[in-house]
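These are the residues of each chain, in order.
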Amino acid sequence: MTTTSHPSSSSAALMPLLLPGDILGRVFQYISLKDLGQCAQICRVWNHFLFHDDFTWRCKMEDIGWCIQSLGNSNTSHDTTIANYDNGGCSVSRRTIFRDWILEKSQLANALERGNFMGDCDTKPWLLFGHSKTVRSILEMTSKDGNCNYIVTISDDGEIQYWKLPFESSRPKGKTVPFNLKDRVGTISTAVTTISRDLNSTANVAAIGFKGAIIVQLYWKKEDKGNEDYSLHCRALQNLSGHQGPVRCICDVGSHTLITGCSDGILRVFKLPQKNDLDNGLLVEETGEAQAILQMKGHRSGVNTVSLGCDNNTVLSHGSDQTVRLWNYETGGCLWVFHFDKAVAGTEVIGIRQKEMALFCDSLEQPSMRIMRIPDGKLKKEIKPSSCTLGNSRVCVTCIYDRFLLCGTEDGSLLQFNVDTGEQTHFLDRILRSSVLDLEYLLHDTVLATGEDGHMVVVKILDRVDSVRKAKVKVLRDIALNMRPQRGGLFYSPESSTILVPSSGYLVRAFAFSS
């Protein structure tokens, strides 16, 4: 029998690192998502364990309840869809996306709460020069040798530029990639990374626009034989053909399968041929044209969003005809249709959990949030903000996380509800000086809110203090962007501790935190 000597006082703080992996995994299962994100930043051992322990994240996906949904639509997303958390039914890749999403939110919250801005970028945000049109997508890549990180930006005129991190000045200038997406698909609506990257040095990207959709590959190439420097290049892999109008949304459902939603009301399923050539980073074969293997028809007007359902073979679509439909994308069959009443002027899917979906329903009176059952399309619950709290103001934006729903109003106030009970739990009076443009939960009690005037605040919600449920709040950051930001456009790079915020125009503001 072996014995272990008692550690000295200097090494007592390292005791958690000595726990066996199976015990450490059991401990992490009882820790909240907020604390898991903090644990990943404690030391390399815990960080490595959390990045490779799939079982812990599967359990968390079952317990999390509601989660913010990246829909892959033309208005709000720069990310891959992260839904589909049926009990144990998620693929490892989706749990990986969920894990990275949670850890990134925790790192961003920690940076905004405790980090120190470099220079005076909190009062005078840095500005990225280069684009002359609105930036629609931002992604991060590493250099060919893996030693440097780069930001890649794509504007709606199809221009691709890249920027080395960390930025060398407060006015960095990007380099242009010799390839224009607009020549292939017209004005860009959005671009999303769709296929797994090869060591992050190459990336296959799906771009959608007015004329259709295309899969392109970003890769590094030497300038010439006598020069060791690499520059970023782009080449077309496949045109997703057959669309009879602008493509509005796209969803990566895994297994090299993409689903597009078009203004003609048809959802098209594309199967991307694979090529096992990891040395060149080719995860999609270069075949030129790709035809849809299946068309799903039913919407009488354009498809606005498409997202994963609660099962591995279903997707949810929302159309301009004010219907939400659940499809089996393997057979093409429509499983159910939900029709909204005429008073609803527009709907937006804001979250999905195991067997339910949450929708923000705009109307001529006061917008509401509706909870629907995914298996049968039945309305389960409707949450309407109280007119006593709102007065003459209207709800204009919502977000959802865990078991809480947050609403932003036209007068800059925030309301929080418990989704399970429908009870209003907090009222944050006039946090912003203008109408709330964007909301994002960083943690269950930490919120990032942005106003129409470009004012951004990070607040921590404390206990409510009176019968009106007004809450104490702690303002962690107060930042003036000096521009009107783009809704859903915030991008965070954990490796370089840099935040990018594109405007509704052509500007991109940047904030960097010192290490």
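Residues numbered from 1 in each chain as written. Predicted model: local features only at pLDDT ≥ 70, side-chain atom pairs only at ≥ 80, totals over all residues. Heavy atoms only, no water.

Chemist: Is there a simple way to think about the overall build of the protein in this case?
Modeler: Scanning the protein for helices and strands turns up 7 helices and 34 strands. Counting only residues that meet the buried cut, the protein has 57% of its 515 residues in that class. Pairs at least 24 apart in sequence give 52% of the contacts found in the protein among residues at least 6 apart. (Helix = DSSP H or I, 4+ residues; strand = E, 2+ residues; numbered from the N terminus. Buried < 20%, exposed > 50% of the residue type's maximum accessible area, 1.4 Å probe, protein only. Contact = heavy atoms within 4.5 Å.)

Chemist: When you look at helix 1 (residues 21-29) in this model, what are you seeing that I'm missing?
Modeler: Structurally, the α-helix is built with 3.6 residues per turn, so residues lying three or four positions apart point the same way. Residues Leu24, Gly25 and Phe28 constitute the buried set of helix 1. Down the axis, helix 1 shows its buried residues gathered within 100° of arc, on one side only. Within helix 1, the exposed residues directed more than 90 degrees away from the buried face are Asp22 and Arg26. (Arc of directions from axis to C-beta.)

Chemist: When you look at the packing of aromatic side chains in this model, what are you seeing that I'm missing?
Modeler: Aromatic ring pairs are described here by two measures, namely the spacing of the ring centres and the angle between the planes. As enumerated under the stated definition, the model contains 9 aromatic pairs in all. On the numbers, 5.7 Å between centres and 85° between planes, the contact of Phe28 with Trp46 is edge-to-face. With Phe28 in helix 1 and Trp46 in helix 3 (residues 44-52), this pair connects stretches of sequence that are 18 residues apart. Exposure remark for Phe28: the relative accessible area of 1% places this residue in the buried category. Among the residues examined, Trp46 registers a relative accessible area of 13% and is labelled buried. (Phe/Tyr/Trp six-rings, centres within 6.5 Å; stacked < 30°, edge-to-face > 60°.)

Chemist: Sorry if this is basic, but what is going on with the side chain of Asp445 here?
Modeler: Counting through the fold element by element, Asp445 comes out in the loop between strand 28 (436-443) and strand 29 (446-451). Among the polar contacts made by the side chain of Asp445, one reaches the side chain of Thr446 at a distance of 3.2 Å. (Polar contact = N/O pair within 3.5 Å; in protein donor to acceptor, adjacent residues only side chain to side chain.)

Chemist: What is the right way to look at the sheet that holds strand 2 (residues 126-127) in this model?
Modeler: If you walk across this open sheet you meet the 4 strands as 2-34-33-32, and the pairing is antiparallel. At either end of the open sheet lies a strand with only one pairing partner, and these are strand 2 and strand 32 (491-493). Summarising the sheet, strand 2 and strand 34 (residues 508-512) pair through 2 bridges and their orientation is antiparallel. Each residue of the ladder has a partner; that of Leu127, found in strand 34, is Arg509. (Pairing = 2+ DSSP bridges.)

Chemist: Looking at this structure, how should I read the state of the cysteines?
Modeler: One way to say it: the disulfide is the covalent bond shared by the sulfur atoms of two cysteines. Taken as a whole and judged by the stated rule, the model has 0 disulfides. Cys407 supplies the cysteine sulfur nearest to Cys399, a cysteine that is in no disulfide, at a spacing of 8.4 Å. (Disulfide = S-S within 2.5 Å.)

Chemist: Please clarify how the nonpolar core should be interpreted in this entry.
Modeler: Generally speaking, a soluble globular protein has its nonpolar side chains buried in company with each other. Residues Phe167, Ile499, Leu500 and Phe511 are the most contacted members of the largest nonpolar core, which totals 33 residues. Leu500 has contacts with Leu128, Ile138, Ile151, Phe167, Gly489, Leu490, Phe491, Val508, Arg509 and Ala510, leaving out every residue within four places of it along the chain. If you look at the next biggest cluster of nonpolar residues, it comprises 32 residues, including Val397, Ile431, Val447 and Val457. (Core = buried A, V, L, I, M, F, W, Y, C linked by side-chain atoms within 4.5 Å.)

Chemist: Explanation requested: the pattern of salt bridges in the structure shown.
Modeler: Evaluated as defined, the whole model comprises 12 salt bridges. Between Arg373 and Asp376 there is a salt bridge, with the nearest N and O atoms lying 3.2 Å from each other. Salt-bridge contacts for Arg403 lead to Asp420; the nearest nitrogen and oxygen are separated by 3.7 Å. Taken as a pair, Arg403 in the loop between strand 24 (395-401) and strand 25 (404-409) and Asp420 in the loop between strand 26 (414-418) and strand 27 (424-428) lie far apart in primary sequence, 17 residues in all. Each of Asp362, Arg394 and Glu410 takes part in salt bridges that share partners, so that together they form one network. (Salt bridge = Lys/Arg side-chain N within 4 Å of Asp/Glu carboxyl O.)

Chemist: Honestly, the pairing of strand 26 in this entry has me stumped. Any pointers?
Modeler: Here is the key point about a regular strand: its side chains alternate between the two faces of the sheet. For strand 26, the buried fraction is high: 5 of the 5 residues fall into the buried class. The alternating pattern of strand 26 places Leu414, Gln416 and Asn418 and Leu415 and Phe417 on opposite faces, both of which are buried. Where strand 25 lies against strand 26, 5 bridges are found, and the strand directions are antiparallel. For Gly408, the partnering residue across the bridge sits in strand 26 and is Leu414. The turn joining strand 25 and strand 26, which pair antiparallel and follow one another in sequence, is formed by 4 residues; a positive phi near 85° is taken by Gly412. Inspection of the sheet shows strand 26 paired to strand 27 by 4 bridges, in the antiparallel sense. Across the sheet, the residue bridging to Leu415 is Phe427, located in strand 27. Where strand 26 hands over to strand 27, the hairpin turn is made up of 5 residues, of which Gly422 adopts a positive phi near 80°.

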